[in-house]
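Geometric and topological summary
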Amino acid sequence: MPTDCTFQTENGRFNCRVGAIIMNGTKLLMAHNRSCDQYYTVGGRVKLHETSEEAVIREVYEETGVKAEIDRLGFIQENFYKIDGAPYHELAFFYYIKPFDYSLINFDSIKCDGDAEELCWVDLTALPDAEFYPEFFKTELLAPSNAIKHFITREY
């Protein structure tokens with residue numbers, strides 16, 4: 001089985017990940033971690049020798065049970081953050097997913113970090129008071145563009 005595109009160096013960890021933008025009006029399908037009250041995109045790490053497009057389709061299927069199709073690449077993010085003091089350098093590709101029959105979503109299918117995770121629709125016009133990743137989705141997805149936008153986010 002191919003390994004994830006992540007590696008540790010003496011100066012920190014590198015990740016290559018993808019995220020799915022699954023919209024239903026002003027609502028965005030997100031994963032929610034109840035134990036730390038975080039919302040984040042459906043998605044995950046790219047595997048070695050896998051394109052980012054292949055990865056997002058695989059991740060959507062693994063987390064929702066739906067074989068979705070990509071509409072287009074929306075955002076590229078270079079993200080520099082720390083977890084428990086350890087520095088991370090992450091390169092993320094966020095893809096808009098073509099609309100599909102949302103009744104096919106298996107809301108019990110997400111298994112990444114255990115029972116604390118769930119899938120839910122988040123209304124971007126009435127955001128919950130919780131951590132939200134990526135932060136720029138709060139404004140960018142309410143005024144979509146056909147351009148591919150690039151964001152650099154630095155926590156350190």
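Our subject is the structure listed above.
Residues numbered from 1 in each chain as written. Predicted model: local features only at pLDDT ≥ 70, side-chain atom pairs only at ≥ 80, totals over all residues. Heavy atoms only, no water.

**Notes on the overall build of the chain**
Put simply, the rule is: Secondary structure counts use DSSP, requiring at least four H or I residues in a row for a helix and at least two E residues in a row for a strand, with both numbered from the N terminus. Restricting the calculation to C-alpha atoms gives the radius of gyration, and the globule rule supplies 2.2 Å times the number of residues raised to the power 0.38. With a 1.4 Å probe rolled over the protein chains alone, any residue whose accessible area is under 20% of its type maximum counts as buried; one over 50% counts as exposed, and the rest are partly exposed.
Helices and strands together make up the secondary structure of the chain, namely 2 helices and 10 strands. Overall, the chain shows an N-to-C arrangement of helices and strands of β-β-β-β-β-α-β-β-β-β-α-β. The C-alpha atoms of the chain give 15 Å as radius of gyration, which agrees with the globular expectation for 156 residues (15 Å, within 12%). Taken along the three principal axes of its C-alpha coordinates, the chain extends 45 × 35 × 35 Å. A total of 156 residues make up the chain; the buried ones form 45% of that total.

**What about the packing of aromatic side chains?**
Counted only if it meets this: Any Phe, Tyr or Trp ring, taking Trp's six-membered ring, that has another such ring centre within 6.5 Å forms a pair; planes under 30 degrees apart are called stacked, those over 60 apart edge-to-face, and the others tilted. A ring is scored as having a charge over it whenever the NZ atom of a lysine or the CZ atom of an arginine sits within 6 Å of its centre and within 35 degrees of its normal.
All told, the structure shown has 14 aromatic pairs when counted by the stated rule. An angle of 80 degrees between the planes, with centres 5.2 Å apart, marks the rings of Tyr 102 and Trp 121 as edge-to-face. Residue Tyr 102 is located in the loop between β7 (86–97) and β8 (117–123), and its partner Trp 121 is located in strand β8; the two are separated by 19 residues in the primary sequence. Taking relative accessible area as the criterion, Tyr 102 reaches 18% and is therefore assigned buried. Ring centres of Phe 136 and Phe 137 lie 5.4 Å apart, and the angle between their planes is 85 degrees; on these two criteria the pair is classed as edge-to-face. Taken individually, Phe 136 and Phe 137 each receive the classification buried, so the pair is uniform in this respect. Counting every residue linked through ring pairs, the aromatic cluster contains Phe 75, Phe 94, Tyr 96, Tyr 133, Phe 136, Phe 137 and Phe 151. The ring of Tyr 96 is capped by Arg 72, whose NZ or CZ atom sits 4.0 Å from the centre of that ring.

**Details of helix α1 (residues 52–64)**
Quick reminder of the rule: One less than the residue count of a helix, multiplied by 1.5 Å, gives the span that helix is expected to have. In this analysis, two residues are considered to be in contact whenever any of their non-hydrogen atoms come within 4.5 Å of each other.
For α1, spanning 13 residues, the distance from its first C-alpha to its last is 18 Å, which sits close to the expected 18 Å at 1.5 Å a residue. Taken as a whole, α1 has its buried residues at Ser 52, Ala 55, Val 56, Arg 58, Glu 59, Val 60, Glu 63 and Thr 64. Buried positions along α1 lie against β2 (12–21), β4 (27–33), β5 (38–45), β6 (70–83), β7 and β8.

**Re the side chain of Arg 58**
Selection criterion: Polar contact is defined as a pair of N or O atoms within 3.5 Å, subject to the rule that within protein one atom must be able to donate a hydrogen and the other to accept it, and that residues adjacent in sequence are counted only when both atoms are side-chain atoms.
Assignment of secondary structure puts Arg 58 in helix α1. With a relative accessible area of 17%, Arg 58 lands in the buried category. Side chain to side chain, Arg 58 and Glu 59 meet in a polar contact 3.0 Å long. Setting aside chain neighbours within four positions, we find Arg 58 in contact with Arg 45, Val 46, Lys 47 and Glu 50.

**Some points on the environment of Asn 33**
For Asn 33, the position within the fold is in strand β4. Sequence separation between Asn 33 and Leu 91 is 58 residues; the distance between their C-alpha atoms is 22 Å. Residues within four places of Asn 33 in sequence aside, it is in contact with Gln 38, Tyr 40, Ala 116 and Glu 117.

So yeah, pure geometry; function would need other evidence.
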